[in-house]
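Letter by letter, the chains look like this.
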There are 2 protein chains.
Amino acid sequence: MDISERKKRILRAVIENYINTAEPVGSKTIAEHAGLDISPATIRNEMADLENLGLLEQPHTSAGRIPSPKGYRFYVNELMEQHRLSIQEVNRLNEALHLKVQELDRVISEASRVVSQITKYPSYAISTGCSRITIRRFALLMVERHRFIVVVMTDASVVKNKLVHIANDLSPSELSLLNTLLNASFTGLTPEEITPELMKMAEQAAGAAYDLLVTAVSFAVDVLRNQESCAVYLSGLPRLLEHPEYRNLERAQPLLAYLSQENALSNLPVPDTTGTMKILIGPENVAQELQDTSVVVASYDIGESMKGLIGVVGPTRMDYAKVAARLYYFAEGLSRLFETDDGFSGEH
Amino acid sequence: MDISERKKRILRAVIENYINTAEPVGSKTIAEHAGLDISPATIRNEMADLENLGLLEQPHTSAGRIPSPKGYRFYVNELMEQHRLSIQEVNRLNEALHLKVQELDRVISEASRVVSQITKYPSYAISTGCSRITIRRFALLMVERHRFIVVVMTDASVVKNKLVHIANDLSPSELSLLNTLLNASFTGLTPEEITPELMKMAEQAAGAAYDLLVTAVSFAVDVLRNQESCAVYLSGLPRLLEHPEYRNLERAQPLLAYLSQENALSNLPVPDTTGTMKILIGPENVAQELQDTSVVVASYDIGESMKGLIGVVGPTRMDYAKVAARLYYFAEGLSRLFETDDGFSGEH
DNA sequence: GTTAGCACTCGAAGATTGAGAGTGCTAACA
DNA sequence: TGTTAGCACTCTCAATCTTCGAGTGCTAAC
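Residues numbered from 1 in each chain as written. Chains lettered and ligands numbered in written order. Predicted model: local features only at pLDDT ≥ 70, side-chain atom pairs only at ≥ 80, totals over all residues. Heavy atoms only, no water.

### Quick look at the packing of aromatic side chains
Residues and elements named next belong to chain A. This model, assessed by the stated rule, comprises two aromatic pairs over all chains. Ring geometry for Tyr72 against Tyr320: centres 5.6 Å apart, planes inclined by 55°, an arrangement best described as tilted. Residue Tyr72 is located in helix H4 (residues 69–79), and its partner Tyr320 is located in helix H11 (residues 320–339); the two are separated by 248 residues in the primary sequence. (Phe/Tyr/Trp six-rings, centres within 6.5 Å; stacked < 30°, edge-to-face > 60°. Helix = DSSP H or I, 4+ residues; strand = E, 2+ residues; numbered from the N terminus.)

If you want it as structure tokens, here you go:
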């Protein structure tokens, strides 16, 4: 889109003013405020042009102008400047990143909480699984006579365990045999590759320990399936209500209901490549409930095989520059956190 | 409080009507609706008495009556009848109780979700730790040269693990020695009982494996500390907005903000004994934000040593009978779930 | 003790009005 | 040709007023 420099400055002034005040912006305000030495009348002419271009809108005849979604898009693509983080914010974010207990889940949910607090918008964080994960290591531990702990560790360095009861009696040597069998036959496989034939073969080899073998394998399958699916954390949802566009409950409630649905957030679009951001403005969203809402989301890497998302949901009148800068910082921090330490705690 | 049977019936009619409609109830409505063969005028007289007793209130002169907190309290204590659960509800609850993967956390958070869906109010669930938990069993597994998995199991049959890097080289026999040492010296102890002197003694015994020993023990301490503290799940918060008393945002927002605070819910009162319920009506709550809100909460047992809470937050005009019945059913179900299977999955 | 009748109260909802903000248009100016 | 001042016009918001109706308390009759 080819627009004169002056029009750009006016558009930008309108948008930034509107972002701060949530009130339609009039020509007079711009003339006084935006450091352009032109009269309100001239600005009115320019604004009329910008309206014809579809970048501004009028709520009604005698109100000022507000940005249209197209206007926001133009702003985000071409006008927006890098926003600086304050020192407090950087400290705050760093603190969240360096939690003592670096459990994957907890770091991620804490990330979402902090982002929400800093941006004043609801924030969500997702860790998505990857396509091919397999078990790398099995271990069986006896606790007492009929009680065992099954421990499995996946490719993604996640370790899980389960306490089980087994009716059979097992000697230490049988247990050790079973351990060997599991590690020899069931590592490096995806759930789909664990066929009934394979189980049958294992059955013959395991003998009396068959029950425990089945339990261990099906636990492993559960773990893998669970890694494939993803966890969603949402924080600060009621913050939406702090913004004037949601003072109206009929507007706010469907949105809140939608966002607190289990799957709403995991179906949002994702940035094309790690390290980039995606900004969806109003009608660019697919979901009906998000038509007046914008989503800003950044992606990060979790180790080598998994990815995560961290994003913010807010009104189209959102401070995109500020939000984007903070998400970017956080996403980078998370990527670095999980990369420096491939053996980040798989505890769970 | 001594009240004539007729007054009780009128009070009950007012309350149940108000619970359903959220509108002040007039004498005419009661006369037509409540199956008492008396005229509105008589009912007016009785209602005036009930108002003098502090059981009813008038929002303003020419509105009907609404129950006062004291009125609700009387209703809950003496008038309320057992509410029956529908077959669908029973099924729904049972389903949630018998999740395939019986991870403690997940069952509890699912419980909260289902209760919220059924009652249409926000619901919370808490698992509180108990006073003296110790480690029952340690296990160290080698994954590869410098990488180990630490597994600990607590009294409460919770098993946790962590993946660690250790710079030292350890032979299998050293590892097995360390396993023995850990199980001999550090089981049956609370975090407070693991003294520096004990660590010093262990240092001499462990030799080169000291690093791993320290890591394992401090992990164990973390786990125990974590068990002592408690997890809070909150679900369906936006449901509050579906109720007419929160159509007014100035009313709703402070409450939402309060409830979404980390610690708000864990500080609410608890029932005196397991298997009972506690109902807090409006001003009976300590927190300022809950003055117009009621809390209904039931407790359940998690195994032998831990306890849990499941509760609902809503307007004072809450269908106490219905909510209480559902919570009671669920709390009982949870207790039974965790008791039948002391070795419920300690996976985590 | 119960009931009908009636005057009275008070809030909710609608209608009316005035003020103010902002626009588009026109005509004058550089 | 681009810019500006002036002016009539539009439309919302908030305040004020009015009306309507539901519900009450009181009194007197049953």
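### Here we look at the protein's contact with DNA strand C
Neighbouring DNA strand C are 20 residues; Ser27 and Arg65 of chain A together with Arg6, Thr42 and Thr61 of chain B lie closest to it. Near the protein, within 4 Å, the atoms of DNA strand C are sugar or phosphate in 77% of cases. The side chain of Ser62 of chain B places a nitrogen or oxygen atom 3.0 Å from a base oxygen of DNA strand C. Mapped onto the surface near DNA strand C, the elements with two or more residues apiece are helix H3 (40–52) of chain A together with helix H3 (40–52) of chain B. Of the residues forming the surface near DNA strand C, the biggest block, four residues, is contributed by H3 of chain B. Considering only residue class, the surface near DNA strand C consists of four nonpolar, 12 polar and four charged. (Near = heavy atom within 4 Å. Polar contact = N/O pair within 3.5 Å; in protein donor to acceptor, adjacent residues only side chain to side chain. Nonpolar A, V, L, I, M, F, W, Y, C, P; charged D, E, K, R; others polar.)

### So, the protein's contact with DNA strand D
The environment of DNA strand D is made up of 20 residues, and the closest members are Arg6, Thr42 and Thr61 of chain A together with Ser27 and Arg65 of chain B. Among the atoms of DNA strand D lying within 4 Å of the protein, the sugar-phosphate backbone contributes 77%. Between DNA strand D and the protein, one listed contact pairs a phosphate oxygen with a side-chain N or O atom of Arg6 of chain A at 2.8 Å. Contact distances for DNA strand D include 2.4 Å between a phosphate oxygen and a side-chain N or O atom of Thr42 of chain A. Looking at the surface near DNA strand D, the elements that each hand over two or more residues are H3 of chain A together with H3 of chain B. For the surface near DNA strand D, the per-class residue count stands at four nonpolar, 12 polar and four charged.

### Some words on the relation of the copies chain B and chain A
Superposing chain B onto chain A requires a rotation of 179° together with a translation of 0.1 Å along the rotation axis, leaving an RMSD of 0.2 Å. On the angle and the small slide along the axis, the relation comes out as a two-fold axis. When the interface residues of chain B are mapped onto chain A, 95% of them again lie at the interface, so the same face is used by both copies. (Least-squares fit on C-alpha atoms with pLDDT ≥ 70 in both. Contact = heavy atoms within 4.5 Å.)

### Observations concerning the pairing of strand S5 (residues 147–154) of chain A
Residue and element names in this part refer to chain A. With eight of its eight residues buried, S5 lies for the most part within the structure. Between strand S4 (residues 135–144) and S5, which pair antiparallel and follow one another directly, the connecting turn spans two residues. Hairpin connection of S5 to strand S6 (residues 159–165): four residues between the antiparallel strands, including Ser157 at a positive phi of 60°. (Buried < 20%, exposed > 50% of the residue type's maximum accessible area, 1.4 Å probe, protein only. Pairing = 2+ DSSP bridges.)

### Description of the domain arrangement of chain A
A common way to report how large an interface is uses the accessible area buried once the components associate. Splitting chain A by domain gives domain 1 (5–79), domain 2 (87–129 + 230–339) and domain 3 (135–228). Inter-centroid distance (C-alpha atoms) of domain 2 of chain A to domain 3 of chain A is 38 Å. (Domains from an automatic or database assignment.)

### A closer look at the pattern of salt bridges
The final tally for this structure, using the stated rule, is 36 salt bridges over all chains. Between Arg147 of chain B and Glu144 of chain B there is a salt bridge, with its nearest N and O atoms 3.6 Å apart. Arg147 of chain B sits in the buried class, given a relative accessible area of 6%. The closest approach of N and O atoms between Glu245 of chain B and Arg317 of chain B, which form a salt bridge, is 2.6 Å. Separated by 72 residues along the polypeptide, Glu245 of chain B in the loop between strand S7 (231–235) and helix H10 (249–259) and Arg317 of chain B in the loop between strand S10 (306–315) and helix H11 (320–339) bring together distant segments of the chain. Arg317 of chain B matches Glu245 of chain B in its accessibility class, with the two residues each being buried. Within this structure, Arg6, Lys7, Glu46 and Asp49 of chain A form a network of salt bridges that share partners. (Salt bridge = Lys/Arg side-chain N within 4 Å of Asp/Glu carboxyl O.)

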